[in-house]
Amino acid sequence: MLPQKHFRTVRGMRDLLPEEAEELRWIEKEARRVAESFGYREIITPLIESYELLALKIGEENRRRMYVFEDLGGRKVALRPEFTASIARLVAAKMMNKPKPIRLFCTGSLYRYDEPQYGRYREFWQANYELIGSNKPDADIEILILTDSLMKRLNLKDYYVKIGHVGLIRGILCMEGIGEEEQNHLMHLLDKKMFDEAMAYLKGIGCSQKCIETLKNMTEARSEDKHEAIESIIKLVGDYREAYSAAKNLSEILDLLEEADVGIRYIVDAGFARGLEYYTGMIFEVFVPDMEIAIGGGGRYDRLIELFGGEPTPAVGVAFGIDRIMLALERGRTRTRTETKPNILIIPVNEEVRGEAFKISSILREAGLTVEIEVMGRTVSRSLSDADRRGITHTIIVGPKEIKQGKIIIRDMKTRKQREVHISRIPEETINLLMSHN
Ligand code: AMP
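Residues numbered from 1 in each chain as written. Predicted model: local features only at pLDDT ≥ 70, side-chain atom pairs only at ≥ 80, totals over all residues. Heavy atoms only, no water.

Q: Got a minute to help me understand helix 8 (residues 195–204) in this structure?
A: Structurally, the α-helix is built with 3.6 residues per turn, so residues lying three or four positions apart point the same way. Of all the residues in helix 8, the buried ones are Ala-198, Met-199 and Leu-202. Projected down its long axis, helix 8 carries its buried residues within an arc of 95 degrees, all on one side. Opposite the packed face of helix 8, turned more than 90 degrees from it, sit the exposed residues Asp-196, Lys-203 and Gly-204. Buried positions along helix 8 lie against helix 6 (166–175), helix 7 (180–191) and helix 9 (209–220). The first or second residue beyond helix 8 is Gly-206, which carries a positive phi of 80 degrees. (Buried < 20%, exposed > 50% of the residue type's maximum accessible area, 1.4 Å probe, protein only. Helix = DSSP H or I, 4+ residues; strand = E, 2+ residues; numbered from the N terminus. Arc of directions from axis to C-beta. Contact = heavy atoms within 4.5 Å.)

Q: Explanation requested: the packing of aromatic side chains in the structure shown.
A: In this description, a pair of aromatic rings is defined by centroid distance and the angle of the planes. What the rule picks out here adds up to eight aromatic pairs. Taking 5.6 Å as the distance between ring centres and 75 degrees as the angle between the ring planes, the aromatic pair formed by Tyr-67 and Tyr-113 counts as edge-to-face. Pair noted here: Tyr-67 is in the loop between helix 3 (60–64) and strand 3 (68–70) and Tyr-113 is in the loop between strand 5 (102–111) and strand 6 (123–132), with a separation of 46 residues, a long-range link. Judged by its relative accessible area of 21%, Tyr-67 falls in the partly exposed class. For Tyr-113, a relative accessible area of 43% gives the class partly exposed. (Phe/Tyr/Trp six-rings, centres within 6.5 Å; stacked < 30°, edge-to-face > 60°.)

Q: Would you explain the site of the ligand in this entry?
A: Neighbouring the ligand are 16 residues, the closest being Arg-112, Asp-114, Tyr-121, Gln-126 and Arg-274. Between the ligand and Tyr-121, the relevant distance is 2.9 Å, taken from a nitrogen atom to a main-chain nitrogen or oxygen of the residue. Contact distances for the ligand include 3.4 Å between an oxygen atom and a backbone N or O atom of Gly-321. Of the residues contributing to the shell around the ligand, the split by class is six nonpolar, five polar and five charged. (Near = heavy atom within 4 Å. Polar contact = N/O pair within 3.5 Å; in protein donor to acceptor, adjacent residues only side chain to side chain. Nonpolar A, V, L, I, M, F, W, Y, C, P; charged D, E, K, R; others polar.)

Q: Please clarify how the pairing of strand 10 (residues 282–287) should be interpreted in this entry.
A: Taken residue by residue, a regular strand's side chains alternate between the two faces of the sheet. Summarising burial for strand 10: six of the six residues are buried, a large majority. With burial as the criterion, each face of strand 10 is covered, one bearing Met-282, Phe-284 and Val-286 and the other bearing Ile-283, Glu-285 and Phe-287. One ladder, built from six bridges, connects strand 7 (residues 160–165) with strand 10; its direction is antiparallel. In the sheet register, Gly-164 faces strand 10, and the bridge partner there is Ile-283. Inspection of the sheet shows strand 10 paired to strand 11 (residues 296–300) by four bridges, in the antiparallel sense. Bridge pairing links Ile-283 to Gly-299 in strand 11. (Pairing = 2+ DSSP bridges.)

Q: Sorry if this is basic, but what is going on with a negative patch on the surface here?
A: A contiguous patch of negative charge on the surface is contributed by Asp-225, Glu-228, Glu-231, Glu-258 and Glu-259. Those elements giving two or more residues to the negative patch turn out to be helix 10 (226–237) and helix 11 (241–260). Within the secondary structure layout, Glu-231 lies in helix 10. What makes Glu-231 exposed here is its relative accessible area of 52%. (Patch = residues over 30% accessible without salt bridge, like charges linked within 9 Å, V, L, I, M, F, W, Y side chains within 5 Å. Areas by Shrake-Rupley, 256 points an atom, 1.4 Å probe, with all protein chains shown as cover. Salt bridge = Lys/Arg side-chain N within 4 Å of Asp/Glu carboxyl O. Lys, Arg positive; Asp, Glu negative; His and termini not counted. Charge placed at Lys NZ, Arg CZ, Asp CG, Glu CD.)

Q: Got a minute to help me understand the packing of helix 1 (residues 18–37) against helix 5 (residues 137–153) in this structure?
A: Helix-helix packing is characterised by the crossing angle of the two axes and by the distance between the axes. Between helix 1 and helix 5, the shortest axis-to-axis distance is 10 Å and the interhelical angle comes to 140 degrees. Regarding the angle of helix 1 to helix 5, the classification is oblique. In terms of crossing hand, the pair formed by helix 1 and helix 5 is right-handed. In contact with Glu-30, Ala-31, Arg-33 and Val-34 of helix 1, helix 5 contributes Leu-146, Ser-149, Leu-150 and Arg-153. Broken down by class, the residue content of the contact of helix 1 with helix 5 amounts to four nonpolar, one polar and three charged. (Axes fitted to C-alpha atoms, helices over the stretch in contact; angles between N-to-C directions. Parallel < 35°, antiparallel > 145°, perpendicular 65-115°, else oblique. Left-handed = near helix turned anticlockwise from the far one by under 90°.)

Q: So what exactly am I meant to see when it comes to the pattern of salt bridges here?
A: Charged atoms that come close allow side chains of opposite charge to pair. Under the counting rule described, the total for this entry stands at 36 salt bridges. The closest approach of N and O atoms between Arg-103 and Glu-142, which form a salt bridge, is 2.8 Å. Separated by 39 residues along the polypeptide, Arg-103 in strand 5 and Glu-142 in helix 5 bring together distant segments of the chain. Using a relative accessible area of 27% as the deciding quantity, one classes Arg-103 as partly exposed. Since its relative accessible area comes to 17%, Glu-142 is described here as buried. Taking the shortest distance from any N to any O, the salt bridge between Arg-300 and Asp-140 comes out at 3.0 Å. Of this pair, Arg-300 sits in strand 11 while Asp-140 sits in helix 5, placing them 160 residues apart in sequence. Taken individually, Arg-300 and Asp-140 each receive the classification buried, so the pair is uniform in this respect. Connected through shared salt-bridge partners, Glu-61, Arg-64, Arg-65, Asp-114, Arg-120 and Lys-192 make up one network.

Q: Hey, could you run me through the domain arrangement of the protein in this one?
A: Frequently, the measure chosen for interface size is the accessible area removed from exposure when the parts meet. Domain boundaries in the protein define domain 1 (18–331) and domain 2 (344–437). One C-alpha centre belongs to domain 1, the other to domain 2; they are set 53 Å apart. (Domains from an automatic or database assignment.)

Q: Before we go on, may I ask you to explain the side chain of Ser-223 in this structure?
A: Mapped onto the secondary structure, Ser-223 falls in strand 8 (residues 222–223). If we ignore the near neighbours within four places in the chain, the residues touching Ser-223 are Glu-228, Ala-229, Ile-267 and Val-268.

Q: Please clarify how unusual backbone geometry should be interpreted in this entry.
A: Glycine aside, residues mostly have negative phi angles, and peptide bonds mostly take the trans form. Geometrically, the link from Lys-100 to Pro-101 is a cis peptide bond, its omega value of 0 degrees lying close to zero. Inspection of the secondary structure puts Pro-101 in the loop between helix 4 (84–94) and strand 5. Backbone geometry places Asn-155, a non-glycine residue, at a positive phi of 65 degrees. Within the secondary structure, Asn-155 sits in the loop between helix 5 and strand 7. Here Asn-155 falls in the partly exposed class, since its relative accessible area comes to 29%. Phi is positive for Asp-261, close to 55 degrees, though the residue is something other than glycine. By the element assignment, Asp-261 lies in the loop between helix 11 and strand 9 (266–269).

Now the structure itself:
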């Protein structure tokens, strides 16, 4: 015999046990409901994409953390670290002729070789929404309102949004003649909150003192008050034309958000940057109190579809981290789904009636009920105590004597009452009993 070997999950990978898997799928279901209610249609894209596609605009941090390998055909591929690149590819290649806007939803697992820690895994799940074809603030607002709708559905009502605009910093850097690669590196440093390094980097690449001062002040400009935030941003970017129009755009978005009266709590953060490089406009992240890591994030990316060969097509989207939402729900103990669905265990009294027991289980499943069957060869009394322990609501005892009379016994596990039911009336009688049980 070979020596026993114990295997573990690979570092950063997790097994989701039934309760966790149930929770994850529940969040996914709620996310899908929100998608439906906003008219977003689901798409399914592959887990494996070409490395080149994924790497192009993902940002240096995420690029380093991709699972990259060569497939057997010699192609350099990677496990998807996010959805937006795949969606932009799909829209550019297959949906250019569709009437705009296009509203798309998808969910699934993503892979990043992050350092495993609380809320940061190497395999994680997202629910992702993209609104494609509009450059109007109305589209940005829709994504924020959709965020609000999902948070409320998940009972995370005390969430708040950090909101900014990549055009503020990029606008300044552009006018200073700083190239895109340098801009990207700076955004990466800001995303990592490495502010001192960011300022030193600007100095190193010959950025003017005025620009460094402006950017430094920008990283300190935060406010929950819309007017105060916009006023101080406009003051900072006054001389920089592109950054000024970004500030105007942000102001318009926030105005419309207030008019829509959704009551989203937000903080405007002018120095806010996100790791993904494709953003061109508003960016935001979603937080819940007492949890420092974001449970969702998104923004506007007006040039990605074009970069992937499509026509110039503006777009805005958001992705929610389902694993982190699970953590947020645990923290707030807002888990409210303790519903006990009626479930049935069928117990054959001896080996001769096993076939009958299986037949009855099929009849009940076809009638839409959840049915288990005793497969451990236990006695009736042991099966009943096991059913009790596991919260089974009803058992059906299939005995040779009753079968001969064309009957079975249904037992309500709570009241311990039993009654005989004729086999021809099994589904109706069982359903009646389950209804009266609830
Ligand atoms: P991003 O695709 O980076 O914009 O991330 C969107 C959301 O996905 C984040 O706000 C997180 O909730 C979630 N997320 C990102 N990376 C991870 C990770 N390594 N583990 C778990 N969740 C993550």
